[in-house]
Amino acid sequence: MRRRVQVVLLAIVPILVCAPRIASAQPARPVGGEFNINTVTAGDQNQPDVAMRGNRQFMVVWSGPVPGKDLDIRGRAFNWDGTARGSEFAVNSATKDSQYFPRVAMDSMGGFTVVWVDRDTSGTGRDIVARAFDAGDTPVAPDVLVRDTGPGTSLLLAGRPSVAALDNGRFVIAWKETSPAQVQARIMDAVGSTLEPVFVVGGLDLYGEPDYGSTDLASDAVGNFVVVYDDPYYCSCSDFGGTVGEAHRRSFDAAGQPTSPLETLDNPFASDPFSPRVGSDEDGRFVVSWLDYASSYDGRIRIRAFGADGTPHQVTPLRIDDGSLRSRWRPVLAVSQHGDFVMAWGSNGQDGSGWGVMARAFDRTATPRGGEMVVNTTFDASQRDPAIAMHENGQFAVTWQSFGQDGDGWGIAGQRFCLDVPLALLATGPVPARLRVVDVESGTVRSELTLSVDERLVEGVPPVT
């Protein structure tokens with residue numbers, strides 16, 4: 001149970017916040033400037049994803065060409081100040097075939113796991129592969145085959161993997177299978193080499209291509225998790241305008257046992273839901289976003305928030321873009337431990353030149369905190385396909401594909417932000433505490449407040465000026 005607090009007395013507890021103010025017209029502000037992430041610039045770098053540690057270091061992964069083969073999974077680690085922790089490196093240990101569609105997740109100790117699609121250069125087979133790394137960015141095991149390739153499994157099509165950290169260093173991985181047509185998942189141990197048996201999340205009506213759409217995962221502090229996925233169906237029939245589909249969610253406990261039936265996210269509220277994403281706070285409350293693809297010129301970004309028991313907080317999904325008629329693409333979101341969240345997506349023509357990246361912040365009730373903002377400050381050509389990761393104190397990093405910015409085709413760029421969030425203090429035991437508010441950028445003590453802590457979360461602190 002969460003309770004409000006009153007002012008009283010005692011020990012100093014420092015807390016870092018993103019800004020010396022709580023409320024503003026635009027609550028998210030950039031920290032520093034844009035920066036290039038990839039150091040190998042030849043060819044196109046694509047499909048970025050990002051995850052953030054508790055110390056605010058973040059890891060970016062993407063797919064890019066290397067000499068002698070088609071595509072590798074590349075990675076590069078950064079400190080919060082934007083300085084790189086080293087050069088980019090190959091995530092996969094495989095030296096042949098093609099690797100693409102990477103996703104990354106970090107555990108509470110800073111270790112991380114990357115998953116991707118592995119496809120041979122002749123295009124005759126696809127597998128789902130993962131690799132685990134420690135908090136020092138060192139691999140702890142070779143590539144591990146995630147997909148079950150036993151009897152009855154197609155040798156061909158698997159796609160769109162996703163990954164989330166559970167408790168005790170474990171990770172859960174989900175992906176789309178074509179034969180049988182299912183979304184499947186399995187849990188990987190902390191060593192990064194042993195996988196528990198595959199379990200089924202839900203069925204698919206796929207028409208031959210699991211690389212279309214997405215799966216996504218989010219977990220709470222004790223390892224319960226939610227899986228979302230879309231089920232688009234291509235057809236040439238004019239009755240459906242070319243595509244029909246729906247999006248689904250299902251909840252599981254930390255052992256991978258279902259705690260809810262397969263639920264439809266959107267219908268009858270969406271025209272053609274696509275690319276759902278999910279994020280969870282530490283208590284298991286979660287938010288789902290997706291693209292309502294009404295037409296190629298009318299992409300609508302929608303969200304729906306849920307309680308930890310799966311009860312929706314809104315009767316109908318919320319549309320959170322500015323409502324203008326334009327193409328939008330692949331929304332993503334990141335949720336803090338306390339439930340604040342930020343969304344980002346691609347939007348055509350909104351930054352003044354081709355595709356750009358937009359973002360919007362929300363509080364834990366899914367109430368917008370200000371309007372849309374343009375993420376990229378480079379406006380030449382196009383910027384698209386964002387990824388986002390958020391720290392509990394309101395800092396977040398956005399990465400995206402940017403055309404021509406690295407000097408040769410598509411490259412990966414990034415930007416750091418601070419989100420002005422309601423102050424919160426984690427504490428243990430029924431003891432009073434004195435709160436010191438420190439600006440994370442300058443280290444300046446902005447204020448000290450005396451609080452009575454009657455439970456582990458203190459919230460509702462007055463604004464700091």
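Residues numbered from 1 in each chain as written. Predicted model: local features only at pLDDT ≥ 70, side-chain atom pairs only at ≥ 80, totals over all residues. Heavy atoms only, no water.

## Considering the side chain of R131
- Mapped onto the elements of the fold, R131 is located in strand β10 (residues 126-133).
- Accessibility expressed as a relative area gives 12% for R131, which makes it buried.
- Within the structure, the side chain of R131 is placed 3.0 Å from the backbone oxygen of A141, a separation counted as a polar contact.
- When neighbours within four sequence positions are excluded, R131 is seen to be in contact with V91, N92, S93, F112, T113, V114, W116, P139, A141, P142 and D143. (Helix = DSSP H or I, 4+ residues; strand = E, 2+ residues; numbered from the N terminus. Buried < 20%, exposed > 50% of the residue type's maximum accessible area, 1.4 Å probe, protein only. Polar contact = N/O pair within 3.5 Å; in protein donor to acceptor, adjacent residues only side chain to side chain. Contact = heavy atoms within 4.5 Å.)

## Comments concerning the pattern of salt bridges
- Counting across every chain of the model gives 19 salt bridges.
- Between R300 and D298 there is a salt bridge, with its nearest N and O atoms 2.6 Å apart.
- Look at R300 and you get partly exposed, because its relative accessible area is 23%.
- For D298, a relative accessible area of 10% translates into the label buried. (Salt bridge = Lys/Arg side-chain N within 4 Å of Asp/Glu carboxyl O.)

## Considerations on the environment of F171
- On the secondary structure map, F171 appears in strand β13 (residues 171-177).
- Sequence separation of F171 and V114 is 57 residues, and the distance between their C-alpha atoms is 10.0 Å.

## Points about the pairing of strand β24 (residues 298-306)
- Taking burial as the measure, the 9 residues of β24 include 8 buried ones, the bulk of the element.
- Summarising the sheet, β24 and strand β25 (residues 318-319) pair through 2 bridges and their orientation is antiparallel. Residue pairing in the sheet places R302 in a bridge with R319 of β25. (Pairing = 2+ DSSP bridges.)

## Things to note about the sheet that holds strand β21 (residues 263-264)
- If you walk across this open sheet you meet the 4 strands as β16-β17-β20-β21, and the pairing is antiparallel. Looking at strand neighbours, the two that pair on one side only are β16 (215-219) and β21, the edges of this open sheet.
- Relative to strand β20 (residues 247-252), strand β17 (residues 225-230) is paired through 6 bridges, and the arrangement is antiparallel. Each residue of the ladder has a partner; that of V227, found in β20, is R250.

## Some points on the packing of aromatic side chains
- Applying the stated criterion across every chain yields a total of 14 aromatic pairs.
- With 5.5 Å between their ring centres and 15° between their planes, F58 and F78 make a pair best called stacked. Placement of F58 in strand β5 (residues 58-66) and of F78 in strand β6 (residues 69-78) is noted, with a sequence separation of 20 residues between them.
- Here the aromatic rings of Y100 and F101 are separated by 5.0 Å at their centres, their planes lie at 65°, and the arrangement is edge-to-face. (Phe/Tyr/Trp six-rings, centres within 6.5 Å; stacked < 30°, edge-to-face > 60°.)

## Focus: the nonpolar core
- Ranked by size, the top nonpolar core spans 19 residues in total, and within it I128, A130, V146, V163, I173, W175 and M188 carry the most contacts.
- For this core, the secondary structure elements donating two or more residues are β8 (98-106), β9 (112-119), β10, β12 (158-165) and β13.
- Beyond its immediate chain neighbours, meaning those up to four positions away, M188 contacts T113, A130, A132, V144, R170, F171, S193, T194 and L195.
- V332, A361, M373 and V375 belong to the second largest nonpolar core, which has 18 residues in total. (Core = buried A, V, L, I, M, F, W, Y, C linked by side-chain atoms within 4.5 Å.)

## Details of the pairing of strand β28 (residues 355-362)
- In terms of burial, β28 is largely enclosed, as 7 of its 8 residues are buried.
- Summarising the sheet, strand β27 (residues 341-348) and β28 pair through 8 bridges and their orientation is antiparallel. Each bridged residue has a counterpart across the sheet, and for W345 the counterpart in β28 is M358.
- In textbook terms, the turn of a hairpin is the stretch between consecutive antiparallel strands, and for β27 and β28 this stretch comprises 6 residues, one of which, G349, has a positive phi near 85°.

## What about the environment of M52?
- Structurally, the position occupied by M52 is in strand β4 (residues 46-52).
- In the structure, M52 is positioned 343 residues away from Q395 in sequence and 9.8 Å away in space, judged by C-alpha atoms.
- Apart from the residues lying within four places of it in its own chain, the contact partners of M52 are Q57, F58, W80, M106, A389, M390, H391, Q395, F396 and A397.

## Considerations on the sheet that holds strand β29 (residues 373-374)
- Read from one edge of the open sheet, 4 strands run β26-β27-β28-β29, paired in antiparallel fashion. The sheet is open, and its two edges are formed by β26 (328-335) and β29, each paired on a single side.
- The sheet contact formed by β28 and β29 spans 2 bridges and is antiparallel. Following the sheet pairing, A359 is matched in β29 by M373.

## A short note on the environment of I128
- Looking at where I128 falls in the secondary structure, it is placed in strand β10.
- With relative accessibility at 0%, the residue I128 sits in the buried group.
- In this structure, I128 is in contact with W116, V117, V144, L145, V146, R147, A158, G159, P161, I173 and W175, ignoring residues within four places of it in sequence.

## Describing the confidence of the model for the protein
- Considering every residue of the protein, the mean pLDDT works out to 81; 76% of them sit at 70 or more.
- The secondary-structure element of the protein with the lowest mean pLDDT is strand β1 (residues 3-4), recorded at 34, while β16 shows the highest, at 97.
- Predicted confidence is poor over residues 19-23, with pLDDT under 50, and the contacts of this stretch with residues over four places away or in other chains come to 17 contacts.
- Contacts from residues 451-465, a stretch scored under 50 in pLDDT, to residues over four places away or in other chains number 65 contacts. (pLDDT = per-residue confidence, 0-100.)

## Some points on the side chain of D406
- For D406, the location among the structural elements is in the loop between β31 (395-403) and β32 (410-419).
- Although D406 is buried, it forms no salt bridge, and the closest oppositely charged side chain is R76 at an N-O distance of 10 Å.
- Here D408 takes part through its backbone nitrogen, which lies 3.0 Å from a polar atom of the side chain of D406.
- Each residue touching D406, except ones within four places of it in the same chain, is listed here: N36, N38, T41, Q45 and G411. (Lys, Arg positive; Asp, Glu negative; His and termini not counted.)

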